[in-house]
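Architecture at a glance
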Amino acid sequence: MTVALEATHMSVPEESEESFRSEYLQALRFIERLHRLLLDVIKDEFDRLGGSDINSVQALLLYNIGDNELTAGELKSRGYYLGSNVSYNLKKLVDMGYLHYKRSEVDRRSVRVSLTQKGLDACDVVNKLYDRQLTSLEAVGQVHNADVQVLNKALVRLERFWSDQIRYRL
């Protein structure tokens, strides 16, 4: 009888581990899919307003810069973008007139960027989109403040876990 009970207890953790694995993998797929959907929502918003010469990644980059003056390195270190991706998009945005581009007076290798009026206008489109979504997120999406708080707490922990995996080569 004791052996049977021990065998039962041993199988439960395996089932629990498999369930946790399944949930984790599903969460990873959701994170990836949601990011792509966010980019589609942003693209759709710009298309609805008459189109734009920037893509959704560039619009999100402008939104993340906002009122700040940043370097490409700061954007990368904040975890927004990969190195070649951010450099390419910053150059394109400067060429299209969305960003001011200024060499640092202290370190001539460093370049600081800030939004032009055109960049601020694009940033405002994304900001208004988010504001509009907030007005219907609970009523239409059935996503409540408490849900978002729990989600954010879990995502912060996941980010810390992944960062530690890289930092400490775990």
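Since we're looking at a predicted model, the values are computed, not measured. (Residues numbered from 1 in each chain as written. Predicted model: local features only at pLDDT ≥ 70, side-chain atom pairs only at ≥ 80, totals over all residues. Heavy atoms only, no water.)

Description of the pairing of strand β3 (residues 111–115)
- Within β3, four of the five residues are buried, which leaves the element mostly enclosed by the surrounding structure.
- By the bridge criterion, two bridges tie strand β1 (residues 70–71) to β3 in an arrangement that is antiparallel. When the bridges of β3 are listed, Thr 71 appears paired with Arg 112.
- Of the strand pairs in this sheet, strand β2 (residues 99–103) and β3 are connected by five bridges, and their pairing is antiparallel. Across the sheet, the residue bridging to Lys 102 is Arg 112, located in β3. (Buried < 20%, exposed > 50% of the residue type's maximum accessible area, 1.4 Å probe, protein only. Helix = DSSP H or I, 4+ residues; strand = E, 2+ residues; numbered from the N terminus. Pairing = 2+ DSSP bridges.)

A few points about the side chain of Glu 45
- Within the element layout of this structure, Glu 45 appears in helix α1 (residues 2–48).
- The exposure class assigned to Glu 45 is buried, which follows from its relative accessible area of 7%.
- Excluding residues that lie within four positions of it along the chain, Glu 45 makes contacts with Val 125, Leu 129 and Arg 132. (Contact = heavy atoms within 4.5 Å.)

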